[in-house]
Amino acid sequence: MLTIGEFSRLTHLSVRTLRRYHEAALLEPALVDETTGYRYYSLDQIPTAQVIHRLRELDVPLSDVQRILQTPDPGERAALITDHLQRLEDALDRTRAAVVSLRRLLRPHPAPIDVELRTEPARTVAAVEAVVGHRDIATWYAGAMAELEAAVGITATGPPGGNYDNALFEQERGHALVYLPTPAPPRTGRVHPTVLPATELAITSHTGPHDSIDVTYGELATWVVQNAMTVAGPVREVYITGPRDTSDPTAWRTEIGWPVFRIT
């Protein structure tokens with residue numbers, strides 16, 4: 001038997017941590033002296049302690065560590081760990097995107113963006129639309145776009161796009177529409193023909209993942225105000241290069257178009 005101090009040195013887990021794991025029923029000592037309350041551990045508990053240590057290094061919550069240790073099925077244990085690793089990777093992606101955005105925002109002399117004023121004629125497209133919560137927009141977009149691509153197929157005549165009402169940003173819930181241009185828009189499932197009205201747009205391009213697109217939006221808004229214009233309608237986006245074209249987010253290019261008119 002090993003004392004808690006000896007076990008601590010062998011596993012690189014502090015005595016305080018081992019006591020906490022005991023209280024959480026994660027790693028119970030092989031023996032607790034009823035008189036002194038001293039904890040004793042066995043050699044075959046070392047691998048378990050090391051597994052717990054590695055899981056905690058990955059910020060796996062104590063409750064999840066307990067589930068992993070108590071799950072006899074290796075496949076199920078692997079699935080639990082994989083799910084947590086995916087959450088860590090997602091969080092890392094968000095952190096990287098935030099760092100990129102902050103570096104852009106903190107540049108002492110940011111380069112001016114290129115903005116084009118473009119008149120878009122009315123056109124009929126194949127679309128899917130719904131009232132969506134801001135937090136759900138990515139999931140909804142993925143499903144809607146998959147349905148559109150299945151319905152339109154090779155008849156698409158250009159890149160996909162989306163129109164997003166102001167309420168989606170201001171109230172965190174609003175109307176969203178994604179579309180694919182095609183000569184004969186079908187009507188199947190949620191897919192239906194719809195008319196994009198003619199409008200004048202102030203357009204700029206955002207390069208990179210959508211996580212940092214808010215910075216480009218801010219730069220476009222500044223340009224609109226400085227040029228005595230105001231926004232008049234839902235934001236339009238066109239996904240010139242996106243996930244359907246390349247798996248490299250740094251190569252994605254999105255056109256942002258704000259319907260505008262001059263202030264007189």
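Keep in mind the model is a prediction, meaning the values are calculated, not measured.

Draft legend 1. Up close: the nonpolar core. By size, the foremost hydrophobic cluster in this structure holds 17 residues, and its most contacted members are F7, L18, Y21, L27, Y41, I52 and V65. Those elements giving two or more residues to this core turn out to be α1 (4-11), α2 (15-23), α3 (46-57) and α4 (62-70). Top contributing element to this core by residue count: α3, with four residues. Not counting the four nearest positions on each side in its chain, L18 is found in contact with I4, F7, S8, L13, L27 and Y41. Counting residues in each nonpolar core, the second largest holds 16 residues, with A126, L168, A176 and V191 among its members.

Draft legend 2. Structural view of the pairing of strand β6 (residues 161-164). Residues G161 and N163 point to one face of β6 and G162 and Y164 to the other, with burial holding for every one of them. Relative to strand β11 (residues 235-241), β6 runs antiparallel, the two being bridged by four bridges. In the strand pairing of β11, N163 is matched with R236.

Draft legend 3. A look at the side chain of N163. Along the chain, the position of N163 falls in strand β6. Aside from chain neighbours lying at most four places away, what touches N163 is H175, A176, L177, Y179, L196, V235 and R236.

Draft legend 4. Main features of helix α6 (residues 137-152). With 16 residues, α6 should reach 22 Å at 1.5 Å per residue; the first-to-last C-alpha distance of 22 Å fits that figure. Where α6 is concerned, the buried positions are I137, W140, A144, M145, L148 and V152. The arc enclosing the buried residues of α6, seen along the axis, measures out at 125 degrees, which places them on a common side. The exposed set on the far side of α6, more than 90 degrees from its buried face, consists of A138, T139 and A150. Buried residues along α6 sit in contact with β5 (123-133), β6, α7 (166-170) and β7 (173-180). Downstream of α6 by one or two residues, G153 has phi in the positive range, about 60 degrees.

Here is what the cut-offs are and how they apply
In every chain, residue numbers begin from 1 and rise along the written sequence. With pLDDT at 70 or above as the cut-off, local features in this predicted model cover only qualifying residues; side-chain atom pairs require 80 or more to be listed or tallied, and sums for whole chains, interfaces and linings still use all residues. The side-chain figures draw on all heavy atoms in the structure; neither hydrogens nor water molecules are used. Throughout this description, the term nonpolar core refers to a set of buried Ala, Val, Leu, Ile, Met, Phe, Trp, Tyr and Cys residues connected via side-chain atoms within 4.5 Å. Accessibility here uses a 1.4 Å probe with only protein chains present; expressed as a share of the type maximum, an area under 20% marks a residue as buried, one over 50% as exposed, and anything in between as partly exposed. Numbering of helices and strands runs from the N terminus; a helix is a DSSP stretch of H or I covering at least four residues, while a strand is a stretch of E covering at least two. In what follows, a contact means two residues having at least one pair of non-hydrogen atoms within 4.5 Å. By the convention used here, strands pair only if DSSP detects at least 2 bridges between them. A helix is expected to reach a length of 1.5 Å times the quantity of its residues less one. Of all possible arcs, the one meant is that of the directions from the helix axis to the C-beta atoms.

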